[in-house]
Amino acid sequence: MKRPTIADIASRAGVSKVAVSYALNGQPGVSEATRARIIAIADEIGWRPNSAARALNGARANCVGLALCRPARILGVEPFFMELISGIEGVLADRSYALLLQVVTSHQQESEVYRRWWGESRIDGVFLVDLHYADGRVTELERLRMPVVVIGHPSESGSLSAIWSDDGQAVRETVGYLVALGHRRIARVAGLRELVHTAVRDQAFAEACHGAAEHVTVHTDYTGEEGARATRRLLSSPDRPTAIIYDNDIMAVAGMSVAQEMRVQVPGELSIVAWDDSPLAQVVRPPLTALTRDIPAYGAHAAQRLLALIAGESVPPYEDQAAVLTPRGSTGPAPTPAKA
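In short, a report on the structure. Just so we're clear, the structure is a prediction, and the values are computed from it rather than from any experiment. By convention here, each chain's residues receive numbers from 1 onward along its written sequence. It should be noted that, the model being predicted, local features are given only for residues of pLDDT at least 70 and side-chain atom pairs only at 80 or more, the latter also being counted only at that level, while totals for whole chains, interfaces and linings use all residues. Excluding hydrogens and water, the side-chain figures rest on all heavy atoms present in the structure.

What about the pairing of strand β9 (residues 271–275)?
So, step 1. Counting buried residues along β9, five of its five residues qualify, which places the element largely inside the surrounding structure.
So, step 2. Under the scheme applied here, a residue whose accessible area is under 20% of the maximum for its type counts as buried, over 50% as exposed, and between as partly exposed, the area being computed with a 1.4 Å probe on protein chains only. What counts as a helix is a DSSP run of H or I of at least four residues, what counts as a strand is a run of E of at least two, and both are numbered from the N terminus. Going residue by residue along β9, you find Ser271, Val273 and Trp275 tucked away on one face and Ile272 and Ala274 tucked away on the opposite face as well.
So, step 3. Strands were regarded as paired on the criterion that DSSP finds at least two bridges between them. As paired elements, strand β8 (residues 243–246) and β9 share three bridges and run parallel to each other. The residue bridging Ile244 from the neighbouring strand is Ile272, located in β9.

Some remarks on unusual backbone geometry
So, step 1. Val266 connects to Pro267 through a cis peptide bond whose omega is 10°.
So, step 2. When you line up the elements, Pro267 lands in the loop between α12 (249–261) and β9.
So, step 3. A cis amide bond, omega 0°, links Arg285 with the succeeding residue Pro286.
So, step 4. Relative to the helices and strands, Pro286 resides in the loop between α13 (279–283) and β10 (289–292).
So, step 5. Unusually for a residue other than glycine, Ser96 sits at a positive phi of about 60°.
So, step 6. Summarising the element assignment, Ser96 is placed in the loop between α6 (79–94) and β2 (98–103).
So, step 7. A positive phi angle, near 55°, is found at Asp130, a position not held by glycine.
So, step 8. Among the structural elements, Asp130 can be located in the loop between β3 (125–128) and α8 (136–144).
So, step 9. For Asp130, a relative accessible area of 12% translates into the label buried.

Some thoughts on the nonpolar core
So, step 1. Residues enter a nonpolar core if they are buried and are Ala, Val, Leu, Ile, Met, Phe, Trp, Tyr or Cys, with the set joined through side-chain atoms within 4.5 Å. Val64, Leu84, Leu92, Leu99, Phe127 and Ile151 are the most contacted members of the largest nonpolar core, which totals 26 residues.
So, step 2. Those elements that provide at least two residues to this core are β1 (63–68), α6, β4 (148–151), β5 (161–164) and α14 (295–310).
So, step 3. Of all the elements, α14 adds the most residues to this core, at eight residues.
So, step 4. Contact partners of Leu99, with chain neighbours within four places excluded, come to Cys63, Val64, Gly65, Leu66, Ile85, Ile88, Glu89, Leu92 and Phe127.
So, step 5. Residues Leu235, Tyr246, Ala252 and Val284 belong to the second largest nonpolar core, which totals 24 residues. Contacts are assigned to residue pairs with any non-hydrogen atoms lying within 4.5 Å of each other.

A look at the side chain of Arg137
So, step 1. Summarising the element assignment, Arg137 is placed in helix α8.
So, step 2. Judged by relative accessible area, Arg137 falls into the buried class, the value being 2%.
So, step 3. Within the structure, the side chain of Arg137 is placed 2.9 Å from the side chain of Glu110, a separation counted as a polar contact. Polar contacts, as used here, are pairs of N or O atoms within 3.5 Å; protein pairs need one atom able to donate a hydrogen and one able to accept it. Residues neighboring in sequence count only if both atoms are side-chain atoms.

Re the pattern of salt bridges
Oppositely charged side chains can form a pair if their charged atoms are brought close together.
So, step 1. Only one rule defines a salt bridge in this text: a Lys or Arg side-chain nitrogen within 4 Å of an Asp or Glu carboxyl oxygen. Applying the stated criterion to the full structure yields 16 salt bridges.
So, step 2. One salt bridge connects Asp202 with Arg188, and the closest N-O pair in it is separated by 2.5 Å. Of this pair, Asp202 sits in helix α10 (residues 196–209) while Arg188 sits in strand β6 (residues 185–190), placing them 14 residues apart in sequence.
So, step 3. In this structure Arg188 comes out as buried when scored by relative accessible area, which is 1%.
So, step 4. What you see here is one network of salt bridges that share partners, running through Asp167, Arg188, Arg201, Asp202 and Asp247.

A few points about the sheet that holds strand β11 (residues 318–319)
So, step 1. Strand order in the open sheet formed by six strands is β2-β1-β3-β4-β5-β11, with parallel pairing between adjacent strands. Bordering the open sheet on either side are β2 and β11, each of which pairs with just one other strand.
So, step 2. Strand direction decides the pairing type here: β5 and β11, joined by two bridges, are parallel. Considered in β11, the bridge of Trp164 is made with Glu319.
So, step 3. In this fold helix α7 (residues 107–119) packs onto β1, β2 and β3, with an angle of close to 165° to the strand it touches most, β3. The angle between two axes is taken between their N-to-C directions and runs from 0 to 180 degrees, where each axis is a line fitted to C-alpha atoms and a helix contributes only its stretch in contact.

Some remarks on the pairing of β3
For a regular strand, the rule is simple: side chains alternate between the two faces of the sheet.
So, step 1. Side-chain alternation along β3 places Gly125 and Phe127 on one buried face and Val126 and Leu128 on a second face that is also buried.
So, step 2. Bridging between β1 and β3 involves three bridges; their strand directions are parallel. Within β3, the residue paired with Val64 across the bridge is Gly125.
So, step 3. With three bridges connecting them, β3 and β4 associate as parallel partners. By the bridge assignment, Phe127 is partnered in β4 with Val149.
So, step 4. Seen with the strands pointing away from the viewer, any crossover whose path from the first strand over the helix to the second strand runs clockwise is right-handed. Considered for its hand, the β-α-β crossover made up of β3, α8 and β4 is right-handed.

Digging into the environment of Gly26
So, step 1. Along the chain, Gly26 turns up in the loop between α2 (17–24) and α3 (32–45).
So, step 2. Assessed through its relative accessible area of 57%, Gly26 is described here as exposed.
So, step 3. With 144 residues separating them in the primary sequence, Gly26 and Ala170 have C-alpha atoms 50 Å apart.

Nothing here speaks to function; it is all geometry.
The structure is reproduced here in structure tokens:
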């Protein structure tokens, strides 16, 4: 089928193409009655503005971008990004904005995607996630001078506007809770070592355990397979931990399965904490103690700030609410050491 054009509208309305252009772009030069008739005809025949033509005129794309350097199979099972995107979409939909999403395999490819989107005027701005130390993407986006909101700690976001939550506070609360339950050997099955938020959690975990509990951190790729493998090694150790904190819910559920496989009782012999909370964490038995935060609200706040940047407003860094501990059945008092 032929795409409806301005000429089609002009023919049906009995006016010139210039008059149609004035009416559809909100410019003076036509009466309000004529403008209303033209808009009604455009809606009736399904006319939509041509994005390429709008780009040539310097018009906004009404679209923002998000490139994710994560395996697609992980995105299908990890709730965090789906909840984050749901919050972003809720704000964008209210403003008739779209989200352009692409999964990439490297940061180099991610930067190339941003350059192409921006050069083709397909987007008005982007979100940057999974911040690394000395992140080359930050330098590239600064060079492009496009509106960007970094969902990550401002210490590594350069001149880009950032939104983040205090992961260190959440770690300290969790360790304090486990120590209060009598745990003196605590492990953490962490995410990717190179991520800024992983390093923040690493440091907070070591500091919170110092002088209170023996501790060890094992870094993984966030998958259930890696979480299970790390748990198996930890529980096979002569000085196995009595509590394990996992950096996502998928690894925590996998770790619980390994504990059951190795006949380690949860929470009688092993307490488990998941980060972040999710429906999955709540339906397993026992339900997982978890670090809870409103991830859709986090995404909504990021979207609001990106739209403000696009509108030309000044947007300073913003600290969102930190995750809080929600105790459930997977944690309990540390087991009493067996008598010799």
